[in-house]
Amino acid sequence: MTTNRSPSPATRPCARSPASTQRPPRTPAPAPRPVYIDGFWPLTDTDAKELNATERRTWSPKEPAKVQLIACVDHLGQGDFLRSCDYDSLLGSSGEEPFTLHLYKGEYEVTVYEARSGKPLGSTEIQGDAIFGTEDRPCPGTAVKPDNPRDNAKEGRPRPAQLREVLGPYVDGG
């Protein structure tokens, strides 16, 4: 069973500036270049099933020494509105007032660094739309009613496929 634990904030590469860990640059290795995506890896079992063994070694490397790129995914704020979801009661219990959750895409900046030198290679903004619904059932099946009605918004995170699309040119060298 794969655990979906991220390193602690003190050891996470994006918790401090990757440039602060500079070492002399090494000649870039040929593609694919294994990438560590801070806060999103290792892949969950579900996401890993989308990849073959070679892709898993590239997109979810288990050995830190093999990592050539670090991608920092920073939350910028609320993005585009997706939909509203109405709920009859708190987790299906009786006696609670109905409530509505408003789902939004989340705005994120993805910045890629060379792992060894900390050199920034590029950055792009994306809108994450992964919220616990599906196309067939676009609202999460259950939801916890927020204590404060002003907190009734949820934001999506980037999907693994979105991150692979954005990072592909760095990883694949093209």
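Our structure is the block above this text.
Note that this is a predicted model, so its numbers are computed, not measured. (Residues numbered from 1 in each chain as written. Predicted model: local features only at pLDDT ≥ 70, side-chain atom pairs only at ≥ 80, totals over all residues. Heavy atoms only, no water.)

A.B. asks: Just checking my understanding: could you explain the pairing of strand β3 (residues 99–114) for this structure?
C.D. replies: Each regular strand shows side chains that alternate between the opposite faces of the sheet. For β3, a buried count of 12 out of 16 residues is recorded, marking the element as mostly surrounded by other parts of the structure. Sheet topology note: the strand β2 (residues 69–87)/β3 ladder contains 15 bridges and is antiparallel. Its bridge partner lying in β3, V73 is registered against V110. In this sheet, strand β5 (residues 153–155) lies alongside β3 in parallel orientation, the contact comprising three bridges. Counterpart to H102 in the pairing with β5 is A153. Of the strand pairs in this sheet, β3 and strand β4 (residues 120–128) are connected by eight bridges, and their pairing is antiparallel. Counted as the bridge partner of E107 is Q127 from β4. Remark: five residues form the turn of the hairpin made by β3 and β4, two consecutive strands paired antiparallel; G118 in that turn has positive phi of roughly 80°. (Buried < 20%, exposed > 50% of the residue type's maximum accessible area, 1.4 Å probe, protein only. Helix = DSSP H or I, 4+ residues; strand = E, 2+ residues; numbered from the N terminus. Pairing = 2+ DSSP bridges.)

A.B. asks: Explain the side chain of T58 to me, please; I cannot follow it from the model alone.
C.D. replies: One can find T58 in helix α2 (residues 53–59). Ignoring any residue separated from it by four or fewer positions in sequence, one finds T58 in contact with P32, R33, P34, V35 and V171. (Contact = heavy atoms within 4.5 Å.)

A.B. asks: Which parts of the structure should I look at to understand helix α3 (residues 160–172)?
C.D. replies: Residue pairs spaced three or four apart in an α-helix point in one direction, given the helix's 3.6 residues per turn. Roughly 45° is the biggest bend found in α3, and it falls at V166, with proline P169 one to four residues downstream. Along α3, the residues classified as buried are P160, Q162, L163, R164, V166, L167, G168 and V171. Just past α3, the residue G173 takes up positive phi, approximately 75°. (Bend = angle between axes of the 7 residues up to and from the residue.)

A.B. asks: Just to check I follow, could you spell out the nonpolar core for this structure?
C.D. replies: It is characteristic of soluble globular proteins that their nonpolar side chains tend to be buried jointly. By size, the foremost hydrophobic cluster in this structure holds 15 residues, and its most contacted members are V35, I37, W59, V110 and L167. When contributions to this core are tallied by element, the ones reaching two or more residues are β1 (35–37), β2, β3 and α3. Among the elements that line this core, the one with the most residues is α3, at four residues. (Core = buried A, V, L, I, M, F, W, Y, C linked by side-chain atoms within 4.5 Å.)

A.B. asks: Is there a simple way to explain the packing of aromatic side chains in this structure?
C.D. replies: Any pair of aromatic rings gets described here by the distance separating the centres and the angle formed by the planes. This structure, assessed with the given rule, holds two aromatic pairs. Measuring from centroid to centroid gives 5.4 Å for F81 and Y104, while their planes differ by 75°, and the two rings are edge-to-face. Here Y104 lies in strand β3 and F81 lies in strand β2, a separation of 23 residues in the sequence. Here Y87 and F99 contribute two aromatic rings whose centre-to-centre distance is 5.3 Å and whose plane-to-plane angle is 20°, an arrangement assigned as stacked. Of this pair, Y87 sits in strand β2 while F99 sits in strand β3; the two residues are 12 residues apart in sequence, bridging distant segments of the chain. (Phe/Tyr/Trp six-rings, centres within 6.5 Å; stacked < 30°, edge-to-face > 60°.)

Such coordinate-based values are descriptive only and should not be taken to indicate function.
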